[in-house]
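Understanding the architecture of this molecule
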Amino acid sequence: MESATLTGVQLEPALKALASARRLQILEWLKDPVAHFPPQEHGDPIEHGACNMYITDKLGVSQPAASRHMKVLLDAGLVIATPRAGYVYYRRDESAIERLKADLAEV
């Protein structure tokens, strides 16, 4: 059975992504990356998001664990990944998050 979709965001992967306290915390930090992460050498925190290295450090988990969390968020369409200088930077996809909120209001 396919995931339900009302306005384009697949609900099931998004809900699974949001079912983790760590992933919710990451999304919260990415609302204001300047306030939650140190200055970055290769990427602008507003334009590109937070570096995967900083997300990993702040979560206090291994790099593979952090990568799995980010992949779930990425596959759900809730974040956008931007590769730069050998690192991956993540930022929230605000339009997808707004669509998801609208979809959930219709449920």
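Up top you'll find the structure we're talking about.
All of these numbers come straight from a predicted model, not from anything done at the bench.

**Here we look at a nonpolar patch on the surface**
- On the surface, Leu15, Leu104 and Val107 cluster together into a nonpolar patch covering about 280 Å² of accessible area.
- Here leucine 15 lies in helix 1 (residues 11-18).
- Exposure remark for leucine 15: the relative accessible area of 42% places this residue in the partly exposed category.

**Things to note about the sheet that holds strand 1 (residues 50-51)**
- Read from one edge of the open sheet, 3 strands run 1-3-2, paired in antiparallel fashion. The strands lining the two open edges of the sheet, one partner per strand, are strand 1 and strand 2 (79-84).
- In this structure, strand 1 lies alongside strand 3 (residues 87-92), joined through 2 bridges in antiparallel fashion. Bridge assignment links alanine 50 to a residue of strand 3, and that residue is tyrosine 90.

**Here's the deal with the pairing of strand 2**
- Sheet analysis places strand 2 next to strand 3, joined by 6 bridges and oriented antiparallel. Looking at the pairing, arginine 84 lines up with tyrosine 87 of strand 3.
- With antiparallel pairing between neighbouring strands as the criterion, strand 2 and strand 3 make up a hairpin whose turn holds 2 residues, including alanine 85 at a positive phi of roughly 50°.

**Things to note about the packing of helix 2 (residues 21-31) against helix 4 (residues 52-59)**
- One way to put it is that helix 2 packs onto helix 4 with a least axis distance of 11 Å and a crossing angle of 125°. If you check the angle between helix 2 and helix 4, you find them oblique. In this structure, the crossing between helix 2 and helix 4 has a hand that is right-handed. Along the contact surface, helix 2 presents Arg22, Ile26, Trp29 and Leu30, while helix 4 presents Ile55, Lys58 and Leu59.
- In terms of residue class, the contact of helix 2 with helix 4 is made up of 5 nonpolar, no polar and 2 charged.

Rules of the game
Here the residue index of a chain counts from 1 through its sequence in written order. Two thresholds apply to this predicted model, a pLDDT of at least 70 for residue-level local features and 80 or more for giving and counting side-chain atom pairs, whereas whole-chain, interface and lining totals are computed over all residues. Side-chain measures here rest on the full set of heavy atoms in the structure, leaving out hydrogens and waters. Put simply, a patch holds well-exposed residues, over 30% relative accessible area, that have no salt bridge, with like charges counted together within 9 Å and Val, Leu, Ile, Met, Phe, Trp or Tyr side chains within 5 Å. For accessible areas, the Shrake-Rupley method is used with a probe of radius 1.4 Å. Any residue's cover is judged against the shown protein chains and nothing else. Here, a salt bridge means any side-chain nitrogen of Lys or Arg that lies within 4 Å of a carboxyl oxygen of Asp or Glu. Numbering of helices and strands runs from the N terminus, with a helix taken as a DSSP run of H or I at least four residues long and a strand as a DSSP run of E at least two residues long. Think of it in three bands: with a 1.4 Å probe and only protein chains considered, a residue is buried below 20% of the maximum accessible area for its type, exposed above 50%, and partly exposed in between. In short, DSSP must find at least two bridges between two strands for them to pair. Every axis corresponds to a line fitted to the C-alpha atoms, with the helix fit spanning only the stretch in contact, and the corresponding angles, defined between N-to-C directions, vary from 0 to 180 degrees. We call two directions roughly parallel when the angle between them is under 35 degrees, roughly antiparallel when it is over 145, roughly perpendicular when it lies between 65 and 115, and oblique otherwise. Crossing chirality is assigned from the near helix's rotation relative to the far helix, an anticlockwise turn below a right angle marking it left-handed and a clockwise turn marking it right-handed. We call two residues contacting when some pair of their heavy atoms lies within 4.5 Å. Polarity classes work like this: nonpolar for Ala, Val, Leu, Ile, Met, Phe, Trp, Tyr, Cys and Pro, charged for Asp, Glu, Lys and Arg, and polar for all others, with Gly in that last group.

Any link to function would need more than the numbers given here.
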